[in-house]
Amino acid sequence: MSGTQDRPVYLTALGAFFPGKPVSNAEMEDYLGRIHGRPSKWRKRVLEKNGIRTRHYAIDRRQRSLFRNSEMAALAVRGAVERAGLEASEIDFLAAATTQGDLLVPGFASMVHGELATPPVEVASLHGVCGSGVAALQAAHLQVKAGAKRVAVACASEFPSRLFKASRYESQGCAADELAFDTEFLRWMLSDGAGAAVLAPEPSPHGLSLRVEWIDLRSHAGEQPVCMTAGASPGEDGDAVRSWLDEPSFASAASIGAINLKQDVRQLDGILRLGVERYRALIAAGRLDPDTVDWVVCHYSSELFRSRIFALMREEGLPVHEDRWFSNLATRGNVGSASSFVLLEELMRHPKLAAGQQVLLMVPESGRSLLGFVLFRVVGPERVRKGETQSPVELPAGDDRLQRLGAELAAVWADYQRSVLEVPIVRRLLGSSPGLDDYRTLLFGLRQQVVEGARWIARAASSFDSQALELRSMVLAHARDEHRDYEMLETDFVAVGGELPAIRGGEKNAGSEALSAWMFQQASRPNPLDLLGAMFIIEGTGRLLAGRLSAHLAERLALAPDQLRFLTHHAEHDGGHLDKLVAILRAGVLDDAGAAAIVRTARITARLYRLQLEELAAC
């Protein structure tokens, strides 16, 4: 391991998973339940101060669990790994954090690994509250930094809504107006979700990465009392914490509220002070210059605490750059240990994030005063071929959601185009001595899939409901434009020496079969707006690759225009088709879930399109 202890470590991809649709403030009690059917007396007061507008729950309106906590973590891991261009089987270290897993034993990381169902791997379970996510990140970081592991994943997931069901308090004999504020406070503060990060010794080759500059994680439990607890029974010896396991039975522990999640809100200001003091100490030690930090990503549970942090910083004479602070608290809520990952995941999609910037992550945990600070440097890909990462479409400025979508699609495109250029038949056709046999093989293979293109586009049009008639019309117009493309392929094939019956009687290869099946499946779903991701890849291929192939083959093989109709046509017209994509997105029909679905469909379509080309062999 010599010589590897100081190697750099990068977060090359992040993933997040949020269960269900966003839940508004007015809907919260529909999910958590009303104690004895009566509304809470504290809910309005808490929500007025915390600034959270929506959050996610992994339970339904009947308080039934829809996911396991470990399952949500695994879904976030799979999203991060896929975004990194890897397979889950390539993970060689997994650190998983949570406040409370689904089971008391075994460890949470073992349960997440079980969900992933990958080969044997080293794992580490980090148990705590918000700071345990930073602890998981630190564990993965040290493994990669030391050279012990190459692909490490840190993840965290929270499922507190299960603790807040009205039935739990009813079984304790609590009336709606008798629940203590320290107990009920957290009902309106916490939410469900998961996040994950992939760590590696090199940056991502196709997008921005976060290089870890340092991680500072310190517990002040030796000086501070417990602030947030679950499983604490009223003690008989002052401030000492008595465990729920010391009660004579599980039922008696539950009946006295020992298992309730509680927070002593009187201690929160002291924890914020500790955080600001540590921030000042990092500056004094020369590890941090607040004037050079471009983004401050601070995990706090209430907008009230953000204002208090600013006030404390001013008291200490510290610079306060409020415009540099990034948060998604209003729309995602407080997801505890997962907050570090879901904050960074959303920041990585921000259109103003750029290589060279510094990002400071701050996590003051209230469990028992655990403080986490991480400084990152944003870096770009080390090796990018000239012109290779040009996205086929640019989304309009002025809309943050569209800008984030554009950045994610550009990353998908960069990875796709780079990989397609390495496919053997593409490499030969773009080489110095392309062969006519390879060109015929390309036409032959594309025709078997293209002949169905207009069909799945028409299927997609029919799947839009009456509320999306304009979208249906635009998709039908696109189907009309595409429905004769296969005839150009047939004409070109015959023009370069192929036999018409051969191409018409050909069968789809494995990649074409998979691509067609995927497109028809997605097109058959209600309101398949995510197919814009497929359109991005397919039309983008025409816009940026067809023209390049057409010009190169005309020069190297001395082909005439009537032998290159299909490639030339798509080089000239696919830009217009992509303009339709932009028009649809500007129509105001896109939300965060829709944008994520478009990116996912683009990523899968890219993989299947490449597989189709890989399967081509000389005919």
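Residues numbered from 1 in each chain as written. Predicted model: local features only at pLDDT ≥ 70, side-chain atom pairs only at ≥ 80, totals over all residues. Heavy atoms only, no water.

### Some thoughts on the packing of aromatic side chains
Part 1: Within the structure shown, the criterion is met by 10 aromatic pairs.
Part 2: On the basis of an interplanar angle of 70 degrees and a centroid distance of 4.8 Å, the ring pair of Trp42 and Phe181 is categorised as edge-to-face. Separated by 139 residues along the polypeptide, Trp42 in the loop between α1 (28-32) and α2 (43-50) and Phe181 in helix α7 (residues 181-184) bring together distant segments of the chain. There is no split in this pair, since Trp42 and Phe181 are both buried.
Part 3: Counting every residue linked through ring pairs, the aromatic cluster contains Trp42, Phe181 and Phe185.
Part 4: Across from the ring centre of Trp214, 4.5 Å away, lies the NZ or CZ of Arg287, which sits over that ring.
Part 5: A cation over a ring is seen here: Arg332 above Phe18, with NZ or CZ 4.0 Å from the ring centre. (Phe/Tyr/Trp six-rings, centres within 6.5 Å; stacked < 30°, edge-to-face > 60°. Helix = DSSP H or I, 4+ residues; strand = E, 2+ residues; numbered from the N terminus. Buried < 20%, exposed > 50% of the residue type's maximum accessible area, 1.4 Å probe, protein only. Lys NZ or Arg CZ within 6 Å of the ring centre and 35° of its normal.)

### Examining the nonpolar core
Part 1: One finds Leu11, Leu199, Val359 and Phe376 to be the most contacted residues of the largest nonpolar core, which totals 89 residues.
Part 2: Top contributing element to this core by residue count: helix α3 (residues 69-83), with seven residues.
Part 3: With residues up to four places along the chain from it excluded, the contact list for Leu199 reads Val9, Tyr10, Leu11, Leu137, Ala140, His141, Val144, Arg150, Val151, Ala152 and Ala154.
Part 4: Core analysis: the next-biggest nonpolar cluster, separate from the first, contains 53 residues, Trp413, Leu429, Ile503 and Ala595 among them. (Core = buried A, V, L, I, M, F, W, Y, C linked by side-chain atoms within 4.5 Å. Contact = heavy atoms within 4.5 Å.)

### As for the environment of Trp295
Part 1: Residue position: Trp295 is located in strand β13 (residues 295-298).
Part 2: On a C-alpha basis, the gap between Trp295 and Leu353 in space is 8.7 Å, while along the polypeptide they are 58 residues apart.
Part 3: Once residues lying within four places of it in the same chain are set aside, the contact partners of Trp295 are Arg324, Phe326, Leu347, His350, Lys352, Leu353, Gln357, Gln358, Val359 and Leu360.
Part 4: Within the structure, the side chain of Trp295 is placed 2.7 Å from the side chain of Gln357, a separation counted as a polar contact. (Polar contact = N/O pair within 3.5 Å; in protein donor to acceptor, adjacent residues only side chain to side chain.)

### Remarks on the sheet that holds strand β7 (residues 193-200)
Part 1: Ordered in space as β5-β4-β6-β7-β1-β8-β16-β15-β13-β14, the 10 strands form an open sheet in which the pairing is mixed. Looking along the sheet, the strands with just one partner apiece sit at the ends: β5 (122-127) and β14 (325-326). (Pairing = 2+ DSSP bridges.)

### Observations concerning the pattern of salt bridges
Part 1: Throughout the structure, instances matching the rule amount to 35 salt bridges.
Part 2: In this structure, the salt-bridge partner of Glu27 is Lys21, at a minimum N-O distance of 3.1 Å.
Part 3: Residue classification places Glu27 among the buried residues on the basis of a relative accessible area of 18%.
Part 4: Given a relative accessible area of 44%, Lys21 falls into the partly exposed group.
Part 5: Of the charged contacts in the structure, one is a salt bridge between Arg278 and Asp216, with a shortest N-O distance of 2.8 Å. Taken as a pair, Arg278 in helix α9 (residues 268-284) and Asp216 in strand β8 (residues 209-219) lie far apart in primary sequence, 62 residues in all. Take Arg278 and Asp216: they sit in the same class, and that class is buried. (Salt bridge = Lys/Arg side-chain N within 4 Å of Asp/Glu carboxyl O.)

### A word on the pairing of β13
Sheet faces and side chains relate simply in a regular strand, where the side chains alternate between the two faces.
Part 1: The two faces of β13 match: Trp295 and Val297 on one face and Val296 and Cys298 on the other face are all buried.
Part 2: Summarising the sheet, β13 and strand β15 (residues 358-365) pair through four bridges and their orientation is parallel. Bridging across to β15, Val296 finds its partner in Leu360.
Part 3: Inspection of the sheet shows β13 paired to β14 by two bridges, in the parallel sense. Residue pairing across strands places Val296 opposite Trp325, the latter belonging to β14.
Part 4: In this fold, the crossover linking β13 to β14 by way of helix α10 (residues 303-315) has right-handed handedness. (Right-handed = clockwise from strand over helix to strand, strands pointing away.)

### A word on unusual backbone geometry
Part 1: Geometrically, the link from Val105 to Pro106 is a cis peptide bond, its omega value of 5 degrees lying close to zero.
Part 2: Within the fold, Pro106 resides in the loop between β4 (93-98) and α4 (108-116).
Part 3: In the Ramachandran plot, Ala117 falls in the positive-phi region, its phi being about 55 degrees despite a non-glycine side chain.
Part 4: Looking at where Ala117 falls in the secondary structure, it is placed in the loop between α4 and β5.
Part 5: Positive phi, normally seen in glycine, also occurs at Ala558, with a value near 55 degrees.
Part 6: Looking at Ala558, the relative accessible area reads 64%, which means it is exposed.

### Comments concerning the confidence of the model for the protein
Part 1: Averaged over the protein, the pLDDT score is 86; the fraction of residues at 70 or greater is 88%.
Part 2: Note on residues 383-389: pLDDT is under 50 here. Beyond four places in sequence and across chains, it has 13 contacts. (pLDDT = per-residue confidence, 0-100.)

### Focus: the pairing of strand β1 (residues 10-17)
Part 1: Of all eight residues in β1, seven are buried, a share of seventy percent or more.
Part 2: When β1 meets β7, the two strands line up antiparallel, connected through seven bridges. The residue bridging Tyr10 from the neighbouring strand is Ala200, located in β7.
Part 3: Strand direction decides the pairing type here: β1 and β8, joined by two bridges, are antiparallel.

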